[in-house]
Amino acid sequence: SQTIHQWPATLVQPVGSPLSLECTVEGTSNPNLYWYRQAAGRGLQLLFYSVGIGQISSEVPQNLSASRPQDRQFILSSKKLLLSDSGFYLCAWSVGGTGSGEPQHFGDGTRLSIL
Amino acid sequence: DAKTTQPTSMDCAEGRAANLPCNHSTISGNEYVYWYRQIHSQGPQYIIHGLKNNETNEMASLIITEDRKSSTLILPHATLRDTAVYYCIVRARGGYQKVTFGTGTKLQVIP
């Protein structure tokens, strides 16, 4: 069966520091991968998605970037964190390709606090 | 994607069936209905999805009306661990389209 791992679970970082959050998926090949942010009391905001190695699409302009160095690895980064980057970051995967109704499956998230 | 409307909150007695309604009157023909839930401080958990036929899996059943304008998620024997916020979304085909949650229904299972 497929599993998705995100780490760390919680992170406290000072303003201006760099960030690297990692997500890996097991048990599937060529998945679509996603990074979302969920602010407190608000819904999900899609940040990035990827349909293949090195292929990244950004949904909103921001202080963050994403990379997919391997088929089942997705990394969310920042060179300098802002206070507004605080939130709950979720990685998700879905079956690769288009045209299907397959659902997205989420990891357990990383709770990021910027001080 | 079509908009959905769900009750803000519901209570259910432990061991009884929990029936969570969702209205999606503007759903289009190529849009699926998906249900997720989110327990506090955890990532959303996929429950079930369907296009027009009723669906059942090990977690729940999904009943979609014939005109597809509404659906009901049924948890047959609710437990305390089913206390969560339940989100109904509709989304067109396309594996990389974003998931957008509304306010959802907060289900409280009562002992």
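Per chain, residues are indexed from 1 in the order of the written sequence. All chains are assigned letters beginning with A, and all ligands numbers beginning with 1, in the order in which they are written. Two thresholds apply to this predicted model, a pLDDT of at least 70 for residue-level local features and 80 or more for giving and counting side-chain atom pairs, whereas whole-chain, interface and lining totals are computed over all residues. Side-chain measures were taken over the full set of non-hydrogen atoms in the model, leaving aside hydrogen atoms and water.

J.: Describe the side chain of arginine 68 of chain A, and please don't skip the residues or the numbers.
T.: All names here are of chain A. Helix and strand definitions here come from DSSP, where helices need a minimum of 4 consecutive H or I residues and strands a minimum of 2 consecutive E residues; each element is numbered from the N-terminal end. Structurally, the position occupied by arginine 68 is in strand 7 (residues 65-70). Note on classification: 1.4 Å probe, protein chains only; a residue is buried when its accessible area is under 20% of the maximum for its type, exposed when over 50%, partly exposed between these limits. Since its relative accessible area comes to 3%, arginine 68 is described here as buried. Among the polar contacts listed, one links the side chain of arginine 68 to the backbone oxygen of aspartate 71, at a separation of 2.6 Å. Residues count as neighbours in contact if any of their non-hydrogen atoms are within 4.5 Å of one another. Not counting residues up to four positions away in its chain, the partners in contact with arginine 68 are Asn30, Pro31, Asn32, Leu33, Ser50, Val51, Gly52, Ile53, Gly54, Ile56, Gln73 and Phe74. Definition of a polar contact: a pair of N or O atoms within 3.5 Å, with one able to donate and the other able to accept a hydrogen when the atoms are protein atoms, and with sequence-neighbouring residues admitted only if both atoms are side-chain atoms.

J.: Tell me about the state of the cysteines, residues and numbers included.
T.: Disulfides are covalent bonds that connect the sulfur atoms of two cysteines. Residue and element names in this part refer to chain A. Note on terminology: disulfide denotes any pair of cysteine sulfur atoms within 2.5 Å. Tallied over the entire structure, the rule returns two disulfides over all chains. Across the disulfide from cysteine 23 sits cysteine 91; the S-S distance is 2.0 Å. Taking the sign of the S-S torsion, -75° for the link of cysteine 23 and cysteine 91, the bridge is left-handed. Of this pair, cysteine 23 sits in strand 3 (residues 19-26) while cysteine 91 sits in strand 9 (residues 87-94), and the two are 68 residues apart along the sequence. In terms of burial, cysteine 23 and cysteine 91 fall into one category: buried.

J.: Kindly report on the interface of chain B and chain A, identifying the contributing residues and their values.
T.: Where interface size is given, it is often the accessible area lost as the parts come together that is meant. At the interface, 20 residues of chain B touch 26 residues of chain A. Summed over both sides, the interface of chain B with chain A buries roughly 1700 Å², with 55% coming from carbon and sulfur. Salt bridge, as applied in this entry: a Lys or Arg side-chain nitrogen positioned within 4 Å of an Asp or Glu carboxyl oxygen. Between chain B and chain A we count zero salt bridges in total. Linking chain B with chain A are four residue pairs in polar contact (both at pLDDT 80 or more), by the criterion used here. Counting only elements with at least two residues in the side of chain B that touches chain A, the list comes to strand 3 (31-38), strand 4 (45-50) and strand 8 (84-92) of chain B. If one sorts the elements of the side of chain B that touches chain A by residue count, strand 3 of chain B sits on top with four residues. Summed over both partners, the accessible area (1.4 Å probe) lost when two parts come together is defined as the buried area.

J.: Lay out the nonpolar core with the relevant residues and their values.
T.: All names here are of chain B. The definition of a nonpolar core used throughout is a set of buried Ala, Val, Leu, Ile, Met, Phe, Trp, Tyr and Cys residues joined through side-chain atoms within 4.5 Å. In this structure, Leu20, Trp35, Leu73, Leu75, Tyr86 and Leu107 are the most contacted members of the largest nonpolar core, which totals 21 residues. Mapped onto this core, the elements with two or more residues apiece are strand 2 (18-23), strand 3, strand 4, strand 6 (61-64), strand 7 (70-75), strand 8 and strand 9 (105-110). Counting residues per element, this core draws most heavily on strand 8, at four residues.

J.: Let's hear about the sheet that holds strand 6 of chain B: which residues, and what values?
T.: Residue and element names in this part refer to chain B. We call two strands paired when DSSP finds no fewer than two bridges between them. Taken in spatial order, the four strands line up as 2-7-6-5 in an open sheet, and their pairing is antiparallel. On the outer flanks of this sheet lie strand 2 and strand 5 (55-56), each paired with one strand and no other. When strand 5 meets strand 6, the two strands line up antiparallel, connected through two bridges. Bridged to threonine 56 within strand 6 is serine 61.

J.: How would you summarise the packing of aromatic side chains if you had to cite specific residues and measurements?
T.: Stacked, tilted and edge-to-face pairs are distinguished by plane angle, under 30 degrees for stacked and over 60 for edge-to-face with tilted covering the rest, among Phe, Tyr and Trp rings (Trp via its six-membered ring) whose centres lie within 6.5 Å. Across all of its chains, the model carries nine aromatic pairs over all chains by this definition. Judged by centre distance (5.4 Å) and plane angle (50°), the ring pair of tyrosine 36 of chain A and phenylalanine 106 of chain A falls under tilted. Placement of the pair is tyrosine 36 of chain A in strand 4 (residues 32-38) and phenylalanine 106 of chain A in strand 10 (residues 105-106), with a sequence separation of 70 residues. Judged by relative accessible area, tyrosine 36 of chain A falls into the buried class, the value being 0%. What links up through ring pairs into an aromatic cluster is the set Tyr34, Tyr36 and Phe106 of chain A together with Tyr36, Tyr46, Tyr87 and Phe101 of chain B. Only Lys NZ and Arg CZ are tested; either one counts as a charge over a ring when it is within 6 Å of the ring centre and within 35 degrees of the ring normal. Positioned over the ring face of phenylalanine 88 of chain A is arginine 111 of chain A, at 4.2 Å from the centre of the ring. Across from the ring centre of tyrosine 34 of chain B, 4.8 Å away, lies the NZ or CZ of arginine 91 of chain B, which sits over that ring.

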